[in-house]
Amino acid sequence: ARLQLTGRVERDRAMMTAEIDVDVNRDQGGDHDVPLRFQQAHFLKKEYSGPGREGPVLDVPVEEGIVWRFSGYGTHHLKLTMWVPIKESPAGRQLVLSLPTMPQGFDAQIDLNIPGAPVVFRGSRELTILSSSTENQQNRILADSRGQRLDLTWSEPPEVQTAFRQVTTSFTLHRDADRVM
């Protein structure tokens, strides 16, 4: 099993690719439904390679996200291209995406590029930030997520935020008779 998320933030959304490997280790001629979730995603394209058939399950409640059906013994590789909205909050910009349940010991891997000035990253307890770097106005974060939800927030460093939020205003009052001008 494998889940690799790669993407780039573009204005109000993250353009992402999810590469999913599903191992079917028993074949009794039936189908295997895998809840991928991804409730917040808007899908643009899919690619598949594998030993059998695949496709989305259509009779699943929307709040459960997307469920994909696989048939055939072996490793199925599914590649989904999607976009996910970026939320604005007082803490910064936020990417939230529900993830499939991974087998014990397997983490979802995230590689995300964010254009702009250097930023500070924060994540949920299930998110482990492996590295972050900034080069040529590009921020890159590599992380692992162990939970069922990717929750990543980023913002400018506090010293940059403070510099932009401090404003000085000066007033000069002149007395001219009984009026203030």
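Given the structure is predicted, the values throughout are model-derived calculations rather than measurements. Every chain begins its residue count from 1, and numbering advances along the sequence as written. It should be noted that, the model being predicted, local features are given only for residues of pLDDT at least 70 and side-chain atom pairs only at 80 or more, the latter also being counted only at that level, while totals for whole chains, interfaces and linings use all residues. With hydrogens and water excluded, all non-hydrogen atoms of the structure serve as input to the side-chain values.

A.B. asks: Can you help me understand the overall build of the chain in this one?
C.D. replies: Helices and strands together make up the secondary structure of the chain, namely 1 helix and 15 strands. Burial status follows relative accessibility: with a 1.4 Å probe on protein chains alone, a residue under 20% of its type maximum counts as buried, one over 50% as exposed, and anything between as partly exposed. In the chain, buried positions account for 36% of the 181 residues. We call two residues in contact whenever any of their non-hydrogen atoms come within 4.5 Å of each other. By sequence separation, contacts in the chain at least 24 residues apart represent 68% of the contacts at least 6 residues apart. Methods summary: accessible areas were calculated by the Shrake-Rupley approach with a probe of 1.4 Å, and residue burial reflects only the protein chains presented. Summed over all atoms, the accessible surface of the chain reaches about 11,300 Å², with 50% contributed by carbon and sulfur. Elements are defined by DSSP. Helices are runs of H or I of four residues or more, strands are runs of E of two residues or more, and each kind is numbered from the N terminus.

A.B. asks: What should I look at first to understand the pattern of salt bridges in this one?
C.D. replies: Where charged atoms of side chains with opposite charge meet at close range, the side chains can pair. One side-chain nitrogen of Lys or Arg within 4 Å of one carboxyl oxygen of Asp or Glu is enough to make a salt bridge. For the structure shown, the criterion picks out 11 salt bridges. In this structure, Asp33 engages Arg69 in a salt bridge whose closest nitrogen and oxygen atoms are separated by 2.7 Å. Of this pair, Asp33 sits in strand E3 (residues 32-37) while Arg69 is found in strand E6 (residues 66-71), placing the two residues 36 residues apart along the sequence. Notably, a salt bridge pairs Glu54 with Lys46, separated by 2.6 Å at the nearest N-O pair. Assessed through its relative accessible area of 40%, Lys46 is described here as partly exposed. One salt-bridge network, in which partners are shared between bridges, spans Arg2, Glu19 and Asp21.

A.B. asks: Can you walk me through the pairing of strand E8 (residues 92-98) in this structure?
C.D. replies: The buried fraction of E8 amounts to 6 of the 7 residues, a majority that puts the element mostly inside the structure. Pairing between two strands is assigned when DSSP locates at least 2 bridges connecting them. Where strand E7 (residues 74-89) folds back onto E8 in an antiparallel hairpin, the turn is made up of 2 residues. With 6 bridges joining them, E8 and strand E13 (residues 149-155) adopt antiparallel strand pairing. Its bridge partner lying in E13, Ser98 is registered against Arg149.

A.B. asks: Got a minute to help me understand the sheet that holds E3 in this structure?
C.D. replies: Within a beta sheet, neighbouring strands are joined by backbone hydrogen bonds and run either parallel or antiparallel to one another. Spatially, 3 strands are ordered E3-E6-E5 in an open sheet, and the strand pairing comes out antiparallel. Either end of the sheet is taken by a strand with one partner, and the two such strands are E3 and strand E5 (53-56). Direction aside, neighbouring strands of the sheet carry axes that sit 20 degrees apart on average. Alignment of E3 against E6, held across 5 bridges, turns out to be antiparallel. Residue pairing across strands places Pro35 opposite Val67, the latter belonging to E6. All axes are obtained by fitting lines to C-alpha atoms, using only the stretch in contact for helices, and the reported angles, taken between N-to-C directions, cover 0 to 180 degrees.

A.B. asks: Even after reading the chapter, I still don't get the pairing of strand E12 (residues 138-145), so can you show me in this structure?
C.D. replies: For a regular strand, the rule is simple: side chains alternate between the two faces of the sheet. Of the strand pairs in this sheet, strand E9 (residues 108-115) and E12 are connected by 8 bridges, and their pairing is antiparallel. Bridge pairing in E12 links Ala108 to Ser145. As defined by bridge partners, strand E11 (residues 127-135) adjoins E12 across 8 bridges and the pair is classed as antiparallel. By the bridge assignment, Ser133 is partnered in E12 with Arg140.

A.B. asks: What should I look at first to understand the packing of aromatic side chains in this one?
C.D. replies: Two numbers describe a pair of aromatic rings. These are the distance of the centres and the angle of the planes. Between rings of Phe, Tyr and Trp, where Trp is taken as its six-membered ring, a pair exists when centres lie within 6.5 Å; planes separated by under 30 degrees are stacked, by over 60 edge-to-face, and by other angles tilted. In total, this model carries 1 aromatic pair according to the counting rule given. Both rings, one in Phe38 and one in Phe43, keep their centres 6.4 Å apart while their planes meet at 65 degrees; by these two values the pair is edge-to-face. For Phe43, a relative accessible area of 35% corresponds to the partly exposed category. The positively charged end of Arg13 is found above the aromatic ring belonging to Trp83, 3.9 Å away from the centroid. Geometrically, a lysine NZ or arginine CZ counts as sitting over a ring once it is within 6 Å of the ring centre and also within 35 degrees of the ring normal.

A.B. asks: Just to check I follow, could you spell out the layout of surface pockets for this structure?
C.D. replies: One way to see where empty space is left: roll a probe the size of a water molecule over the atoms. Cavity and pocket criteria rest on a 1 Å grid covering protein atoms alone: a 1.4 Å probe that fits but cannot get out defines a cavity, protein on both sides within 12 Å along at least 5 of 7 lines defines an open pocket, and an atom within 4 Å of a point defines a lining residue. Grid points are joined across faces, edges and corners, and a volume is the space filled by probe spheres set on the points. Of the volumes computed, that of the largest pocket is approximately 250 Å³. Considering the residues around the largest pocket, the lining is formed by 14 residues, among which Ala1, Val22, Val34, Thr101 and Pro103 are closest to the centre. Secondary structure elements with two or more residues in the lining of the largest pocket: strand E1 (2-10), strand E2 (13-24) and E3. When residues in the lining of the largest pocket are grouped by element, the largest group, 4 residues, is from E2. The residue classification treats Ala, Val, Leu, Ile, Met, Phe, Trp, Tyr, Cys and Pro as nonpolar and Asp, Glu, Lys and Arg as charged. All others, Gly included, are polar. Looking at side-chain class alone, the lining of the largest pocket contains 10 nonpolar, 1 polar and 3 charged residues.

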